[in-house]
Amino acid sequence: AWKQSGVVVYKVWDSSGDDRSCPFCRAMHGKRVGIDGDFIQKGETLTIGDASIELDYETIAHPPLHPNCRCAIVPVIKE
């Protein structure tokens, strides 16, 4: 629907930002990609400090990043 609208140009990862958010989701917060873009490619590893998550199960085009993920994506509209 966003693509069909013709006015959405980007999608932005939005984590809840509270203390229950995992460090991986907090790191993704604010990441922007094109409407057809992917946030993380299959096989990439996301490392935050000394913790890592290997994303070898699929390309991540939108949340969830993991089970019980509370993230969402937000559209960015043409001005």
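So, a few notes on the structure that sits alongside this text. All of these numbers come straight from a predicted model, not from anything done at the bench. (Residues numbered from 1 in each chain as written. Predicted model: local features only at pLDDT ≥ 70, side-chain atom pairs only at ≥ 80, totals over all residues. Heavy atoms only, no water.)

**Brief notes about the pairing of strand β1 (residues 8-14)**
Where β1 and strand β5 (residues 72-77) come together, 6 bridges link them in antiparallel fashion. Across the sheet, the residue bridging to Asp 14 is Ala 72, located in β5. Across 3 bridges, the pairing between β1 and strand β2 (residues 32-34) is antiparallel. Its bridge partner lying in β2, Val 12 is registered against Arg 32. (Pairing = 2+ DSSP bridges. Helix = DSSP H or I, 4+ residues; strand = E, 2+ residues; numbered from the N terminus.)

**Topic: the sheet that holds β5**
Across the sheet, which stays open at both edges, the 3 strands sit in the order β2-β1-β5 with antiparallel pairing between neighbours. At either margin of the open sheet sits one strand with a lone partner, and together these are β2 and β5. Each adjacent strand pair in this sheet contributes to an overall mean axis angle of 30°, direction not counted. (Axes fitted to C-alpha atoms, helices over the stretch in contact; angles between N-to-C directions.)

**A few points about the pattern of salt bridges**
Note that side chains of opposite charge can pair when their charged atoms are close. Under the counting rule described, the total for this entry stands at 2 salt bridges. Arg 70 is paired through a salt bridge with Asp 18; the nearest N and O atoms lie 2.6 Å apart. Residue Arg 70 is located in the loop between β4 (51-55) and β5, and its partner Asp 18 is located in the loop between β1 and α2 (23-28); the two are separated by 52 residues in the primary sequence. Judged by its relative accessible area of 36%, Arg 70 falls in the partly exposed class. (Salt bridge = Lys/Arg side-chain N within 4 Å of Asp/Glu carboxyl O. Buried < 20%, exposed > 50% of the residue type's maximum accessible area, 1.4 Å probe, protein only.)

**Some points on the nonpolar core**
Here is a general trend for soluble globular proteins: nonpolar side chains tend to be buried in one another's company. Of all hydrophobic cores here, the largest spans 14 residues; its most connected members are Trp 13, Met 28, Phe 39, Ile 40, Leu 46, Leu 55 and Leu 65. Elements supplying a minimum of two residues to this core: α2 and β4. Residue contributions to this core peak at 3 residues, all from α2. Not counting chain neighbours up to four residues away, the residues in contact with Leu 46 comprise Phe 24, Met 28, Ile 40, Ala 51, Ser 52, Ile 53, Leu 55 and Leu 65. (Core = buried A, V, L, I, M, F, W, Y, C linked by side-chain atoms within 4.5 Å. Contact = heavy atoms within 4.5 Å.)

**Describing unusual backbone geometry**
For the bond from Pro 63 to Pro 64, the omega torsion is 10°, close enough to zero to count as cis. With respect to the helices and strands, Pro 64 occurs in the loop between β4 and β5. Its identity is not glycine, yet Asn 68 carries a phi of approximately 65°, on the positive side. Of note, Asn 68 is situated in the loop between β4 and β5.

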